[in-house]
Amino acid sequence: MDPDHWIGVDVGGTKVLAVRIAASGDVEQVATRPMPGRTAPESAVEQAIADAAADVSLARPPVALGISAAGLVDAAGENYLFGAHLPWRDAPVRKRLEELTGLPVVLDNDANCAAWAELTAGAARGFDSAVMVTIGTGIGGALVLGGRLVRGAHGLAGEFGHMQAVPGGLACECGLHGCWEQYCSGRALERVTRVALGRHLDGPEVTAMALAGNEVARQAFASIGLWLGVGTAALVSAFDPQVVVVGGGVSAVGDLLLAPARAGLRESLQGTDHRPVPEIVPASLGPEAGAIGAALLARDGRP
Ligand SMILES: [Zn+2]
């Protein structure tokens, strides 16, 4: 008998990425389709998702389809509420995609999907309580406690980047001041480097310099790494996870970021001689984590 398969589709600002997984969680096939622009009709996005799902379904008909979407998804996983890079607005995406594909569909935001993937098949495998912090241009996040994703009453939990780190601090794009992501993100990395060097370098350039041994770039990572540890201490105090997984483009530099983060966590957490201090580990599934997690959420009944 043919074993079962699930599809996961990650919907981002520039592309739609589909994976087919086996019951084991192993990825069997990957396909991408271009993302219709932000001003395209909502139905064009749904068709791109259906097409990408079909691309990886031809050889093996799936049991169900999971959707990972960048932006705000309601707690029930029925509606996509809002996102800066996608055209959907308060759209009943789950139901529409069930009608379009004929498959059972689950919907969640990309941070929850990536966290579920890392917990189930990646860096946090074997644990049931984890905090995930994703550092790109800003900070995204997700929380799993006791084997269940914690979405909050409205699906809006995990927006760690806008926790206030410095009262009256740097202005944030969200309209507040002193948000954590102003001190620990790709944007923060660029700012710290610009202040030190007097010229602009983008995140990947700073990363390459740091890996090549440049001291200014290494110090920039040490600065945002320390802030990563300080913010992580607040999350550990609040949620008591077994492990903290750090993903996103900025984390590609590895221990140049994570070593100062581990030091910052120890310095900022109470009672470290008398409690387990969770390890801070790098995410292991890379840019396919959202799609893999969506497929796993479809497999697991969206816990
Ligand atoms: Zn903010």
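Predicted, not measured: the structure shown is a model, and the values here were computed from it.

Calculation notes
- Position numbers for residues count from 1 along each chain, tracking the sequence in the order it is written.
- Per-residue local features are limited, in this predicted model, to residues with pLDDT of at least 70; the limit for side-chain atom pairs, both in listing and counting, is 80 or more; totals at the level of whole chains, interfaces and linings are taken over all residues.
- The side-chain figures draw on all heavy atoms in the structure; neither hydrogens nor water molecules are used.
- Only protein atoms enter the 1 Å grid, on which a cavity is a set of points fitting a 1.4 Å probe that cannot get out and a pocket is an open set with protein on both sides within 12 Å along at least 5 of 7 lines, lining residues being those with an atom within 4 Å of a point.
- Grid points are joined across faces, edges and corners, and a volume is the space filled by probe spheres set on the points.
- Helix and strand definitions here come from DSSP, where helices need a minimum of 4 consecutive H or I residues and strands a minimum of 2 consecutive E residues; each element is numbered from the N-terminal end.
- Each residue receives one of three labels: charged for Asp, Glu, Lys and Arg, nonpolar for Ala, Val, Leu, Ile, Met, Phe, Trp, Tyr, Cys and Pro, and polar for the others, Gly being one of them.
- Working definition: rings of Phe, Tyr and Trp (its six-membered ring) pair if their centres are within 6.5 Å, and the pair is stacked with planes under 30 degrees apart, edge-to-face with planes over 60 apart, and tilted otherwise.
- Counting as a charge over the ring demands two things of the Lys NZ or Arg CZ atom: a distance within 6 Å of the ring centre and an angle within 35 degrees of the ring normal.
- An automatic or database domain assignment provides the domain bounds reported here.
- We call two residues in contact when some of their heavy atoms are within 4.5 Å.
- Summed over both partners, buried area is the accessible surface (1.4 Å probe) that two parts give up on being assembled.
- When a carboxyl oxygen of Asp or Glu is within 4 Å of a side-chain nitrogen of Lys or Arg, the pair counts as a salt bridge.
- Under this definition, polar contacts are N or O atom pairs within 3.5 Å; protein pairs additionally need one hydrogen-donor-capable and one acceptor-capable atom, and for neighbouring residues in sequence, both atoms have to be side-chain atoms.
- A fitted line through C-alpha atoms serves as each axis, taken over the contacting stretch for helices, and the angle formed by two N-to-C directions is quoted from 0 to 180°.
- Working definition: roughly parallel below 35 degrees, roughly antiparallel above 145 degrees, roughly perpendicular at 65 to 115 degrees, and oblique for all remaining angles.
- Each crossing gets its hand from how the near helix is turned against the far one by less than a right angle, where anticlockwise is left-handed and clockwise is right-handed.
- Keep in mind that water is not among the atoms, so a site may look incomplete; donors are the N, O and S atoms within 2.8 Å of the metal, or 3.2 Å for Na, K and Ca.
- A four-donor site is classed as tetrahedral when every donor-metal-donor angle falls between 85 and 135 degrees; four donors are called square planar, and six octahedral, when trans pairs exceed 155 degrees and all remaining angles lie between 65 and 115, with any other arrangement labelled irregular.
- Only protein chains enter the area calculation, which uses a 1.4 Å probe; residues under 20% of their type maximum are buried, those over 50% are exposed, and those in between are partly exposed.

The volume enclosed by the second largest pocket comes to roughly 190 Å³. Taken together, G136, T137, G186, R187, L189, E190, G203, P204, T207, G249, V250 and A252 form the lining of the second largest pocket. Of all elements in the fold, only α4 (186–197) and α5 (203–211) reach the threshold of two or more residues within the lining of the second largest pocket. The dominant element in the lining of the second largest pocket, judged by the number of residues it contributes, is α4, at four residues. Along the lines of polarity and charge, the residues of the lining of the second largest pocket split into four nonpolar, six polar and two charged.

What follows is about the packing of aromatic side chains. Taken as a whole, this structure holds two aromatic pairs when the rule is applied. Note on Y183 and W227: the rings are 4.8 Å apart at their centroids and 35 degrees apart in plane angle, and the pair reads as tilted. Of this pair, Y183 sits in the loop between β10 (148–149) and α4 while W227 is found in helix α6 (residues 215–239), placing the two residues 44 residues apart along the sequence. When the ring centre of Y183 is taken as reference, the NZ or CZ atom of R191 above it lies at 5.8 Å.

We now examine the domain arrangement of the protein chain. As assigned here, the protein chain comprises domain 1 (5–110) and domain 2 (116–287). A C-alpha centroid distance of 27 Å is found between domain 1 and domain 2. Every contact between the two is made by six residues of domain 1 and, on the other side, eight residues of domain 2. A combined buried area of about 570 Å² lies between domain 1 and domain 2, and 47% of that area is made up of carbon and sulfur atoms. Together, L72, A75 and D108 form the three largest contributors to the area buried by domain 1 at its contact with domain 2, with a combined 60%. Across the contact surface, domain 1 and domain 2 share one salt bridge. Residue D108 is joined to R151 by a salt bridge in which the shortest nitrogen-to-oxygen separation is 2.7 Å. At the boundary of domain 1 with domain 2, the tally comes to one residue pair in polar contact (both at pLDDT 80 or more).

The next subject is the packing of α4 against α5. Relative to each other, α4 and α5 sit at 65 degrees, their axes nearing to 9 Å. The angle between α4 and α5 falls in the class roughly perpendicular. When you trace α4 past α5, the crossing you get is left-handed. Taken together, the residues of α5 that come into contact with α4 (itself represented by L189, E190, T193 and L197) are G203, V206 and M209. Class assignment for the residues of the contact of α4 with α5 results in four nonpolar, two polar and one charged.

Here we come to the coordination of the zinc ion. Protein coordination at the zinc ion comes from H162 (ND1), C172 (SG), C174 (SG) and C179 (SG), with a distance range of 2.0 to 2.4 Å. Metal-centred angles of 106 to 117 degrees between the four donor atoms at the zinc ion mark the site as tetrahedral. For C174, a relative accessible area of 38% translates into the label partly exposed.

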